[in-house]
Amino acid sequence: MLSEVGTRRLFWGLYITFMVIQVVLATQTEVFGDEAFYWLESRFWQWSYSEIPGFVPWLNAISTALLPQHPFFLRLPFLLACWSLPWLAFVLVRKLCQSRQAAWQGALLVLSVPLVGLTGIMAIADVWLLLFTLLAVFLWIRLLRTQQAVTAVYLGLTLMLAVNVHIRFWFVLFVAGLAAVIIYKKRLWQLKTLWQITVPLTLLGFMPIVIFNIQHDFPLLGFQLGERNPWQFQLSHLWFFLGQIVITTPWVFWLCLVSLRRPDADSGYQSRRFIQLLALLYWLLYALLGFFSDNLRTNIHWPLPSYLLLLIVATSFVQRQPTLKKWAVVTGTVAHGVFLIGFWLLLHQLPVTSNHHKQLINNAIGWQQLSSRIQKLQQPGQMVIADNFMTAAALNYVQNRQTKLIPALSHPMNQKHGRQKQLAMMGLLYRNTPEQPALLVVEHTALKLAQQIPFYRQSCEQLDGLRLMADVSLRQGSKLFYFFQTGTGDCEFPPIIYHDVQNNQHTGWVMVDKSSDVRLSRVSADGQLTPIDIRLLPLGDNGLFDKLDSDRYGRLHYQLPTDQNLQLSVATPKYRVLTQAFYR
């Protein structure tokens, strides 16, 4: 590794570089759906919320009141938390080994964890989990050495806030307690300030969560521990282990592994052992529970606290593994930069060419375009209704609505993300039938094929009919919205499409009203339309169509040989709309 001066200079160069890239990303990137919903929740002060404790919405409420309405300012507190992580590592390493050079190496190695930078640019809970974990460990070690009441108070306040960030911090607290019992044994029970000050303050932190859940029949626990988890064995979780090596780089991952070696018997022995055991237990918890828990959302980043803690331990071993530390810094910081720049390119520059790319960016694109189109379609005084929590939250944020907030319908995504009950608590779950024709906005690409017909049927019944008006296609169809007028008395479905690609052959069908003259065209990258051959087929006995009138509806079958991605245009005498993109 470099000398202290060289390490410090390298740290500052990388630190400022990553800060600049993060600021650019935070400024130019539209709000993600989760960010927008946490902002929406912040408009309704509650003890807790149905899918997350209160810290993030509370913080958003404060920042929104003090700062301008812009994604950068919404994310600023989270960026500040991210930029604090290297300094927490610095003081923790100093606490463990007294070496300034090692402390600078610790700060540098925090920048070598590639996902840390991405975590910090979003106004979600993850970066605060990292910050409070490192801060709590630092204060814990300080409490053990000083046993001062003021440190016990700081630790208690830290934990009081941390338990309200996310239920995942409860797991940190659980494994930290287990590690403390194993490492400190009798000394733990003799630490009076811990039991007299820190523990009561921590328990006090749970009170908002307890009050809220008792009042509302435990929705937070029901969702986080029940609804979102199948609790059935899933072999696909094996990808988690490969993913951990990829997101940290092999050298950083290997450095974390070798940092688990038993430390020397010096003054920092127990502190290092405690951090090692805490990090290991926390990592193993997700490694094992992942075989049975949530497989619908990304969990690859959940062990990040373990890596930061183990890298702090690794740098406190001043003389160990200098070559491995060097390569960990080189590969980790390069990967960190690649992750940040690559994410910006995926969001703002590169064409969407795959479902994986679409899934990475779809929650953070198109809200401004969608809002602009709504303003053109909306009649004076007309009510706007969104399909799901994400569309409603993003539109309310982009339009900075203070009154007449856009509500959402009941939707599969609300259930999947635990937001249905929260929408109802905020009075934003729309269950009525509008007295006047309203404008309904539906993200068609948010619905799976099996969900589309039931959702549109349910919406038609509730809203007294739908008439398809227009569409907004984003990034060549990777994200697609349809607009409907309600109260028409008849149910007009948008194009319901089954599509398959095999051996450069695109085949599929479009469900249509047989009484309409429907034309199908292929849409080129520059917007040119090329008619394609179709033939009308009956609905058949597919369960998708059980509740549809087979005399009214049929399927237009198409077959198109091409090695390109495909987007279609569907035209009738009443409308012309685009479909989502289908990737080869």
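None of these values were measured; they are calculated from a predicted model.

Draft legend 1. Looking closely at the side chain of Thr133. Here Thr133 is to be found in helix 7 (residues 126–146). By relative accessible area, Thr133 is classed as buried at 3%. A distance of 2.6 Å separates the side chain of Thr133 from the backbone oxygen of Leu129, its partner in a polar contact.

Draft legend 2. Fine view of the state of the cysteines. The final tally for this structure, using the stated rule, is 1 disulfide. The disulfide bridge from Cys460 ends at Cys491, spanning 2.2 Å between sulfur atoms. The sign of the S-S torsion, about 75°, decides the handedness of the disulfide formed by Cys460 and Cys491: right-handed. Placement of Cys460 in helix 24 (residues 449–463) and of Cys491 in the loop between strand 4 (479–486) and strand 5 (496–502) is noted, with a sequence separation of 31 residues between them. The burial state of Cys460 is the same as that of Cys491; both residues are buried.

Draft legend 3. Region of the structure containing the packing of helix 1 (residues 4–28) against helix 4 (residues 71–97). Running from N to C, helix 1 and helix 4 cross one another at 160°; their axes reach a closest spacing of 10 Å. When the axes of helix 1 and helix 4 are compared, the pair comes out roughly antiparallel. Considering the relative orientation of helix 1 and helix 4, their crossing is right-handed. Contacts between helix 1 and helix 4 involve Phe11, Trp12, Tyr15, Met19, Gln22, Val23, Leu25, Ala26 and Thr27 from the former and Pro71, Phe72, Arg75, Leu79, Cys82, Trp83, Pro86 and Trp87 from the latter. Each residue belonging to the contact of helix 1 with helix 4 can be placed in one class, and the counts come to 14 nonpolar, 2 polar and 1 charged.

Draft legend 4. Region of interest: unusual backbone geometry. At Gln147, a position not held by glycine, the phi torsion is positive, near 55°. Along the chain, Gln147 turns up in the loop between helix 7 and helix 8 (149–162). The exposure class of Gln147 is partly exposed, given its relative accessible area of 44%. In this structure, Asn400 is a non-glycine residue whose phi angle is positive, near 50°. Relative to the elements of secondary structure, Asn400 occurs in the loop between helix 21 (389–398) and helix 22 (412–416).

Draft legend 5. Molecular detail of the sheet that holds strand 8 (residues 529–531). The sheet built from 4 strands is open, its strands ordered 8-7-11-12 with antiparallel pairing. Each edge of the sheet is formed by a strand with only one pairing partner; in this case those strands are strand 8 and strand 12 (576–582). Recorded for the sheet is a direction-independent mean angle of 30° between the axes of neighbouring strands. Bridge count between strand 11 (residues 566–571) and strand 12: 5 bridges; the pairing is antiparallel. If you follow Ser569 over to strand 12, its bridge partner there is Leu578.

Draft legend 6. Inspection of the pattern of salt bridges at higher detail. Summed over the entire model, instances satisfying the criterion amount to 8 salt bridges. We note a salt bridge from Asp513 to Arg552, for which the minimum N-O separation is 3.0 Å. With Asp513 in strand 6 (residues 505–513) and Arg552 in the loop between strand 9 (534–537) and strand 10 (553–561), the pair connects residues that are 39 residues apart, well separated along the chain. Taken together, the shared-partner salt bridges in this structure form one network comprising Asp34, Glu51 and Arg419.

Conventions adopted
Residues numbered from 1 in each chain as written. Predicted model: local features only at pLDDT ≥ 70, side-chain atom pairs only at ≥ 80, totals over all residues. Heavy atoms only, no water. Helix = DSSP H or I, 4+ residues; strand = E, 2+ residues; numbered from the N terminus. Buried < 20%, exposed > 50% of the residue type's maximum accessible area, 1.4 Å probe, protein only. Polar contact = N/O pair within 3.5 Å; in protein donor to acceptor, adjacent residues only side chain to side chain. Disulfide = S-S within 2.5 Å. Axes fitted to C-alpha atoms, helices over the stretch in contact; angles between N-to-C directions. Parallel < 35°, antiparallel > 145°, perpendicular 65-115°, else oblique. Left-handed = near helix turned anticlockwise from the far one by under 90°. Contact = heavy atoms within 4.5 Å. Nonpolar A, V, L, I, M, F, W, Y, C, P; charged D, E, K, R; others polar. Pairing = 2+ DSSP bridges. Salt bridge = Lys/Arg side-chain N within 4 Å of Asp/Glu carboxyl O.

Read these as layout, nothing more, since geometry by itself doesn't imply function.
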